[in-house]
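Spelled out from the first residue to the last, the chains are:
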Amino acid sequence: MQFRELKVPGAWEITPKQMGDPRGVFLEWFKDETFQQAVGHRLDLQQANCSVSAAGVLRGIHFADVPPGQAKYVTCAKGAVLDVVVDLRVGSPTFGTWDSVLLDDVDRRAIYLSEGLGHAFLSLEDDSTVLYLCSTGYSPGREHGIHPLDPEVGIAWPTTDRAGRPLEPLLSDKDLAAPSLAEALASGLLPDASTVSAYVASLAR
């Protein structure tokens, strides 16, 4: 299992070692010891989620108030998604920066997003099945969103699916109504980088 930190500090791409034979494939998609060595603290698992999405479904950009925020360890068990992390930490040197990892059922990579980061993905195949390990449970009052098509964020979303067919993004009503990055910043909705840093540092104690 290999960890590679992304352009957004606090986010990693995880590539597992796959062992295959005529029966199929086995891999470890999460390992606590390796995770701690890369990230510096344990993942306090409080909730595990599963979403199944048609091709073109676009979910996010989602984030939560810090503390406690919600860190996520995400993989795609079936199909393919472009998974995106956005730095929403006000005062961060990389504020507004995004990076992406292709999660699919071939390379079987995962992505880890620390507290204070925004998360989104676009499904590239029907029935793409995404699994999340979350550091906190769902709490609607402290969870928020940024519009995933905000030109200021400028995410380069794919325009074709896994088979090369054209894609039209399909968003929930909630994500369609989400503010732009500028609007969220002006309203004080975004997490503060120093608060996030102090909270994440406390997890290593």
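Only a predicted model underlies this, so the values are computations on that prediction, with no experimental measurement involved.

As a further point, take the pairing of strand 6 (residues 58-64). Among the 7 residues of strand 6, 5 are classified as buried, and the element is accordingly described as predominantly covered. Where strand 6 lies against strand 13 (residues 143-145), 3 bridges are found, and the strand directions are antiparallel. Along strand 13, the bridge assignment pairs phenylalanine 63 with histidine 144.

The next point concerns the packing of aromatic side chains. Scanning the entire structure with this criterion turns up 7 aromatic pairs. Centre to centre, the rings of phenylalanine 30 and phenylalanine 35 are 5.6 Å apart; their planes meet at 50 degrees, and the pair counts as tilted. Given a relative accessible area of 27%, phenylalanine 30 falls into the partly exposed group. Judged by its relative accessible area of 0%, phenylalanine 35 falls in the buried class. Judged by centre distance (4.9 Å) and plane angle (90 degrees), the rings of phenylalanine 30 and tyrosine 73 are edge-to-face. On the criterion of sequence distance, the pair formed by phenylalanine 30 in the loop between strand 4 (24-26) and helix 1 (32-39) and tyrosine 73 in strand 7 (residues 72-78) is long-range, its members being 43 residues apart. A network of ring pairs unites the aromatic residues Phe3, Trp12, Trp29, Phe30, Phe35, Tyr73 and Tyr112 as a single cluster. Sitting above the plane of the tryptophan 98 ring, lysine 7 keeps its charged end 5.9 Å from the centroid.

Calculation rules
Residues numbered from 1 in each chain as written. Predicted model: local features only at pLDDT ≥ 70, side-chain atom pairs only at ≥ 80, totals over all residues. Heavy atoms only, no water. Buried < 20%, exposed > 50% of the residue type's maximum accessible area, 1.4 Å probe, protein only. Helix = DSSP H or I, 4+ residues; strand = E, 2+ residues; numbered from the N terminus. Pairing = 2+ DSSP bridges. Phe/Tyr/Trp six-rings, centres within 6.5 Å; stacked < 30°, edge-to-face > 60°. Lys NZ or Arg CZ within 6 Å of the ring centre and 35° of its normal.

Without other data, these values stay purely geometric and don't point to any function.
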